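Coordinate analysis (summary)
Chain residues, written in single-letter form:
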Amino acid sequence: MGTFDKEIDRRRTFAIISHPDAGKTTLTEKFLLYGGQINLAGSVKGKATARHAVSDWMEIEKQRGISVTSSVLQFEYDGYCINILDTPGHQDFSEDTYRTLMAADSAVMVIDASKGVEAQTRKLFKVCGMRGIPIFTFINKLDRDARDTFELLDDIEKELGIATCPVNWPIGSGKKFKGVYDRESRSIVTYSDTQKGTKEGETKVISIDDEAAMDAEIGDEATEKLLMEIELLDGASEEFDIDAVRAGKLTPVFFGSALTNFGVEIFLKHFLEMATTPLPRQTADGLVDPHSDDFSAFVFKIQANMNKAHRDRLAFMRICSGKFNADEEVCHVQSGKVMRLSQPQQIMADERKILSEAYAGDIIGVFDPGIFSIGDTVCAPRKKVTYEGIPTFAPEHFARVRQMDTMKRKQFVKGINQIAQEGAIQIFQELNSGLEEIIVGVVGVLQFDVLKFRLENEYNVEIRLEPLPYEHIRWIENKDIDVAKLTGTSDMKKVTDLKGRPLLLFINSWSIQMTIDRNKGLELSEFARN
Ligand code: G4P
């Protein structure tokens, strides 16, 4: 196999998802530690510093109150080249978070062992499910009191509808946490306090057939409980099936403690073996093989206005096939322009570096002169392809935008349209009204503040946002339908989006069903497919 193929095959590109505080940042930090990106002492110097380095790589953005980006990190471990896509949760939650999942080949789901599946995990999981990508579960914080292990697995299966297959199994939790049982080798790996991960833990590996040694190490009580659980587990759990894992139907489950750095390397090793190499991607003309000689990529994120004076933007693309060479020309399919991508860069832990080449599976950021939109394809001019667009995700919060100074109408329209084009917000107009009435929809409420802030700072336009009670949005799938004639409920609103597609806003899910019942053949969708 040539270097080109090897480079692609050693890549693993995954998104890391969790509810805030489950330990995503801590786990990422530990991964980087194994990758040699940060040293042990550095990682504990202050979690604040490390957290900063990992998640908030765009200080400038933070100062300006817009911390809404997902960051991308690359590191090397054991011959693999790993790309991690961080997905901000919490108040930072935005459509960007969803889109990031479109660029990943698999996802790592971090769950807090004392809490189980939480709201944000559920949302992100839904998008992973839509793509059918493999999902790996790391149940974290075993050094604290945890919920019963069987219960945790049951929770994942019931809440998320995915089968689970524990790769290892925790022995106790909290003060009684003794380590994990590795099912493959049928041995236990003991836990030792690593002083918050500042040093490598000294672990012992003991076969479960050596009961005396087990008793001596973890005590009779823990041994007895473990042996009973193993029996139950072997009888009840799903067989490990790599095809089911790759199809996103079975999640391998690992247990550990990111903070104390226990179970992280075991996880990383297994994960890298089980996760896929960069996957083929769908285009209008069929699947494109990542090993194809021709470079191709799609834009999944646009980071706007990094420098206010220049209004510059960075477009993030996921390379789907071939090799990217900075001095070769590429074609932006949507505009038909042939160009060189300018200032291609990669984000490494806390710094950005200009790169000259990258391979399928990698994520690059390039300077955007204002031509890229989310979902666009960039490829070698000799072999044009068009990737399937990224779906528009349903906003969950809506507000009417009132412009304070009507004299600045032009700036207002320009500003709000540009921000919408970048995909930071979605804008809608009432059916048959002009641009007078603009309704803005967002996935996370922080985006409202971002909109207000950016319009004021970049376009010098002040706005007021009046919250609207809508919570559900549905795109109308039927092509030949007279929307004006649709009969819905009295609280339903008919609007169009930026691309002129008709859709409906609802206050509750009951109204949605009512509208479907009242209009025979009406097809509604939660996502707008481009
Ligand atoms: P997030 O990115 O998913 O939001 O979570 P993050 O890693 O920031 O972790 C959230 C909190 O949980 C942090 O504590 C972190 O130290 C703690 N934590 C992460 N993993 C573990 C673990 O395995 N065991 C225990 N006991 N705690 C863990 P914090 O108090 O919010 O921050 P800090 O004061 O430690 O900086």
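This text follows the structure it describes.
Below is a short write-up of the structure. (Residues numbered from 1 in each chain as written. Predicted model: local features only at pLDDT ≥ 70, side-chain atom pairs only at ≥ 80, totals over all residues. Heavy atoms only, no water.)

What the chain contains, in helices and strands, is 15 helices and 31 strands. Residue burial in the chain is summarised as follows: out of 530 residues, 56% are buried. Sequence-distant contacts, at least 24 apart, represent 71% of the contacts inside the chain between residues at least 6 apart. A total of about 22,800 Å² of accessible surface is found on the chain, and carbon and sulfur atoms cover 47% of it. (Helix = DSSP H or I, 4+ residues; strand = E, 2+ residues; numbered from the N terminus. Buried < 20%, exposed > 50% of the residue type's maximum accessible area, 1.4 Å probe, protein only. Contact = heavy atoms within 4.5 Å. Areas by Shrake-Rupley, 256 points an atom, 1.4 Å probe, with all protein chains shown as cover.)

Let us now look at the site of the ligand. For the ligand, the set of nearby residues contains 18 residues, the closest of which are Asp21, Lys24, Thr25, Thr26 and Asp143. Between an oxygen atom of the ligand and a side-chain N or O atom of Thr25, the distance comes to 2.3 Å. Contact between the ligand and Ala258: an oxygen atom at 3.0 Å from a main-chain N or O atom of the residue. Coverage of the ligand by the protein chains reaches 75% of its 710 Å² of free accessible surface. At the level of secondary structure, the elements contributing two or more residues to the shell around the ligand comprise helix 2 (24-34) and helix 4 (47-55). (Near = heavy atom within 4 Å. Polar contact = N/O pair within 3.5 Å; in protein donor to acceptor, adjacent residues only side chain to side chain.)

The next point concerns the environment of Lys384. Along the chain, Lys384 falls in the loop between strand 23 (377-379) and strand 24 (397-403). For Lys384, a relative accessible area of 51% puts it in the exposed group. The spacing of Lys384 and Asp294 is 90 residues in sequence and 9.1 Å in space, taken between C-alpha atoms. Sequence-distant contacts of Lys384, defined by excluding residues within four places in its chain, comprise Cys331 and Cys379.

Further remarks concern the side chain of Glu7. Relative to the assigned elements, Glu7 resides in helix 1 (residues 3-9). On the basis of relative accessible area, Glu7 is assigned to the buried category, the value being 18%. A polar contact of 3.1 Å, which involves the side chain of Glu7, links it to the side chain of Arg10. Within the structure, the side chain of Glu7 is placed 2.7 Å from the side chain of Arg11, a separation counted as a polar contact.

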